[in-house]
Amino acid sequence: MADTARHGRKAFAFHAHESGTRHPLVAAAMVLPLAALLLFLFGGFDQVAAQASSVGVMLGR
């Protein structure tokens, strides 16, 4: 009985869904702002542009 009560509190505290899955658009909406912030803070835009240019040259575009 104690195990059931503990599981109930845990599920309530974390608002767990039975399936445990999240819609991909919700996951993307959660991650993209942080990714954009990290790109801005660490100068990632220049790195992404350089890498894309490199790949483009390698592919002959």
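Cut-offs applied
- One numbering rule holds for all chains: residues counted from 1, following each sequence as written.
- Given that the model is predicted, a residue must reach a pLDDT of at least 70 before its local features are reported, and side-chain atom pairs must reach 80 or more before they are shown or counted; all residues, however, enter totals for whole chains, interfaces and linings.
- Note that water and hydrogens are dropped before the side-chain values are worked out from all heavy atoms of the structure.
- In this description a helix means any DSSP run of H or I spanning at least four residues, a strand means any run of E spanning at least two, and both kinds are numbered starting from the N terminus.
- Think of it in three bands: with a 1.4 Å probe and only protein chains considered, a residue is buried below 20% of the maximum accessible area for its type, exposed above 50%, and partly exposed in between.
- In short, Shrake-Rupley with a 1.4 Å probe defines the accessible areas, and a residue's cover is counted only from the protein chains shown.
- Note: pLDDT gives the predictor's confidence per residue, expressed from 0 to 100.
- What a helix should span is 1.5 Å times the count of its residues minus one.
- Consider a residue and the seven residues that end there alongside the seven that start there; fitting an axis to each set, the bend is the angle between those axes.
- Two distance rules govern patches: like charges are joined within 9 Å, and nonpolar side chains (Val, Leu, Ile, Met, Phe, Trp, Tyr) within 5 Å, applied only to residues with over 30% relative accessible area and no salt bridge.
- What makes a salt bridge here is a side-chain nitrogen of Lys or Arg within 4 Å of a carboxyl oxygen of Asp or Glu, nothing more.
- Any pair of residues with heavy atoms lying within 4.5 Å of one another is described as a contacting pair.

K.L.:
What should I look at first to understand the overall build of the chain in this one?
P.N.:
Counting its regular elements, the chain contains 3 helices and 0 strands. When the helices and strands of the chain are listed from N to C terminus, the series reads α-α-α. Looking at the chain as a whole, 3% of its 61 residues qualify as buried. With an accessible surface of roughly 5900 Å², the chain has 68% of that area assigned to carbon and sulfur atoms.

K.L.:
Sorry, what's going on with the confidence of the model for the chain here?
P.N.:
In low-pLDDT segments, the atomic positions of the prediction should not be examined closely. For the chain, per-residue confidence averages 77 on the pLDDT scale, and residues scoring 70 or more make up 67% of the total. Averaged pLDDT values over the elements of the chain bottom out at 56 in helix H1 (residues 2-14) and peak at 89 in helix H2 (residues 24-41).

K.L.:
I tried to follow H2 on my own but got confused; where do I start?
P.N.:
Within an α-helix, residues lying three or four positions from one another point in the same direction, as the helix has 3.6 residues per turn. With 18 residues, H2 extends 26 Å between its outermost C-alpha atoms, agreeing within 8% with the 26 Å of an ideal straight helix rising 1.5 Å per residue. By the largest-angle criterion, valine 31 marks the main kink of H2, which is about 30°, and a proline, proline 33, follows within four residues. Positive phi shows up at glycine 43, right after H2, with a value of about 70°.

K.L.:
I tried to follow helix H3 (residues 44-59) on my own but got confused; where do I start?
P.N.:
Taking 1.5 Å as the rise per residue, H3 with 16 residues should run 22 Å; its terminal C-alpha atoms sit 22 Å apart, in good agreement. Looking one or two residues past H3, glycine 60 carries a phi angle of roughly 85°, positive in sign.

K.L.:
Would you mind showing me how to read a nonpolar patch on the surface here?
P.N.:
On the surface, a nonpolar cluster with roughly 800 Å² of combined accessible area is contributed by Leu34, Leu37, Leu38, Phe40, Leu41, Phe42 and Phe45. Looking at which element gives the most residues to the nonpolar patch, the answer is H2, with 5 residues. Along the chain, leucine 37 falls in helix H2.

K.L.:
Looking at this structure, I do not really get the environment of leucine 39. What am I missing?
P.N.:
Structurally, leucine 39 is set in helix H2. Judged by its relative accessible area of 30%, leucine 39 is partly exposed. Apart from residues lying up to four places away in sequence, leucine 39 is in contact with Gly44, Phe45 and Val48.

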